[in-house]
Amino acid sequence: MKHNDLLKIAKTYGDPVYVYDSEKIISQYKRLTNAFKNVNQLRLNYAVKALSNINILKLMNSLGSGLDTVSIQEVKLGLLAGYKPESIIFTPNGVSLEEIEEAAALGVNINIDNLSILEQFGGKHPDIPVCIRINPHVMAGGNSNISVGHIDSKFGISIHQIPHLLRIVELTKMNINGIHMHTGSDILDIDVFLYASEILFETAKNFKNLEFIDFGSGFKVPYKTGDIETNIEELGKKLGSRFTAFCKEYGRDLTLAFEPGKFLVSEAGHFLAKVNVVKQTTSTVFASVDSGFNHLIRPMLYGASHEIVNISNTGGKERYYSVVGYICETDTFASNRRINEIAEGDILCFKNAGAYCFTMASNYNSRFRPAEVLWHEGRAILIRERETFDDLIRNQVDLKDLFVPKKEKVHQD
Ligand SMILES: *Cc1c(COP(=O)(O)O)cnc(C)c1O
């Protein structure tokens, strides 16, 4: 997106504001489907939790995507956005049997990631097909917060528990229609991913009625220049041909499924915030924006490095800045970052703000969550209004008469 268009959006819709470029989402979707064009049946289920605005879900639907959901609320959002239940998969972790039953009643695909629920669900609903989430115990990526396939992870059914799993399936006579893994958020090494896939293929041989194998996600996108990104094209070639060979061995064409979130929406997002104060201290220059981890928590939560551009002064001399927020707590977006000279009132653009940014926003410090704008075919369209004071107090129950202000003492002489 052009900086001028972003500046105009900040002027029209106010700041801070999230802006999503539909063209980038579409091109990422096409890039992924293209990389796997050697596979007979490919299914992309967009991970709703990355960015859940209903218009983004509708855009994905128009591209032919399915949905990956992790809560009953995400399932309902998907249905509201017009998805058919069969193109939604429910992949929760640690939710109640009741929530899974509610999703099953809505007709969506169920993915179960623990033996306790598998046994209970299979005992009650042997007729409803179920996908199982396997933990292949493979480390993907370096950050243990976003690697969910390793031995200590709470996700998935351990491959060492396959015998117990098979016993449950046999006793309940349930039907397993899919095998799933989601090893982590960053696939840096394709060979590690292929290694995990082999474990999945091996597991798949135990089930006769599979319709799909779901390889989850973990596609890495670059956050700054020089960052490694997953080589999708190479992955497509290698995994695609291995998958086709497996289908031959299995005796039937299966669907290869993925659940990309970050890959589809991260780079499409821009977060715009205004600089309130430029503050020189004895050690650095702070640029404080009208935002904080209430709007964009990834730098503080994961140590994520979002590129920051001063779109009000792109030709300005580069200086070192610490970009911080206005929250009454440490909320550093970036330290010692070279940015074109910043003046108070300038608009800073945080890149890669499409995935896990707005969806993780909160009302901390009683601030409003920002507006969201879609940039589509050369025009800006508001897709979420900025919150107002009414939104902040909507669910608060005001006990009007319970507490009364302390009366001032009246002194009488
Ligand atoms: C979060 C999540 C995804 C998406 O991961 P990305 O790194 O955003 O692509 C996919 N599958 C499951 C089960 C998830 O929980």
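Refer to the structure printed above.
Conventions and cut-offs
- Residues numbered from 1 in each chain as written.
- Predicted model: local features only at pLDDT ≥ 70, side-chain atom pairs only at ≥ 80, totals over all residues.
- Heavy atoms only, no water.
- Near = heavy atom within 4 Å.
- Polar contact = N/O pair within 3.5 Å; in protein donor to acceptor, adjacent residues only side chain to side chain.
- Nonpolar A, V, L, I, M, F, W, Y, C, P; charged D, E, K, R; others polar.
- 1 Å grid on protein atoms, 1.4 Å probe; cavity = no way out; pocket = protein on both sides within 12 Å on 5 of 7 lines; lining within 4 Å.
- Points joined across faces, edges and corners; volume = space filled by probe spheres on them.
- Salt bridge = Lys/Arg side-chain N within 4 Å of Asp/Glu carboxyl O.
- Helix = DSSP H or I, 4+ residues; strand = E, 2+ residues; numbered from the N terminus.
- Buried < 20%, exposed > 50% of the residue type's maximum accessible area, 1.4 Å probe, protein only.

1. A look at the site of the ligand
Then, number 1: Close to the ligand lie 13 residues; Lys49, Ser217, Glu259, Lys262 and Tyr356 are nearest.
Then, number 2: Here a nitrogen atom of the ligand sits 2.4 Å away from a polar atom, N or O, in the side chain of Glu259.
Then, number 3: Between an oxygen atom of the ligand and a main-chain N or O atom of Gly261, the distance comes to 2.8 Å.
Then, number 4: A class-by-class count of the residues in the shell around the ligand yields three nonpolar, five polar and five charged.

2. A look at empty space enclosed by the protein
To find leftover empty space, a probe the size of one water molecule is rolled over the atoms.
Then, number 1: For the structure on display, the rule yields one cavity of 30 Å³ or more.
Then, number 2: There is about 50 Å³ of room inside the largest cavity.
Then, number 3: Surrounding the largest cavity, Pro92, Asn93, Gly94, Val95, Ile100, Asn111, Ile112, Asp113, Asn114 and Ile117 form its lining.
Then, number 4: When the residues that make up the lining of the largest cavity are grouped by side-chain class, the tally is five nonpolar, four polar and one charged.

3. A word on the pattern of salt bridges
Then, number 1: In this structure the tally under the stated criterion is 16 salt bridges.
Then, number 2: Its salt-bridge partner being Glu341, residue Arg319 comes within 3.2 Å of it at the nearest N-O pair. Here the residue Arg319 occupies a position in strand β14 (residues 318-324), and Glu341 occupies one in the loop between β15 (332-340) and β16 (347-350), the gap between them amounting to 22 residues.
Then, number 3: Assessed through its relative accessible area of 35%, Arg319 is described here as partly exposed.
Then, number 4: Residues Glu372 and Arg384 are paired through a salt bridge, measuring 2.7 Å at the closest nitrogen-oxygen approach. Of the two residues, Glu372 sits in strand β17 (residues 371-376) while Arg384 sits in strand β18 (residues 379-384), which places them 12 residues apart along the sequence.
Then, number 5: Through salt bridges that share partners, Arg31, Glu229 and Glu233 make up one connected network.

4. Focus on the environment of Asp227
Then, number 1: Tracing the chain through its elements places Asp227 in the loop between β9 (212-214) and α9 (232-250).
Then, number 2: Among the polar contacts made by the side chain of Asp227, one reaches the main-chain amide nitrogen of Tyr223 at a distance of 2.9 Å.

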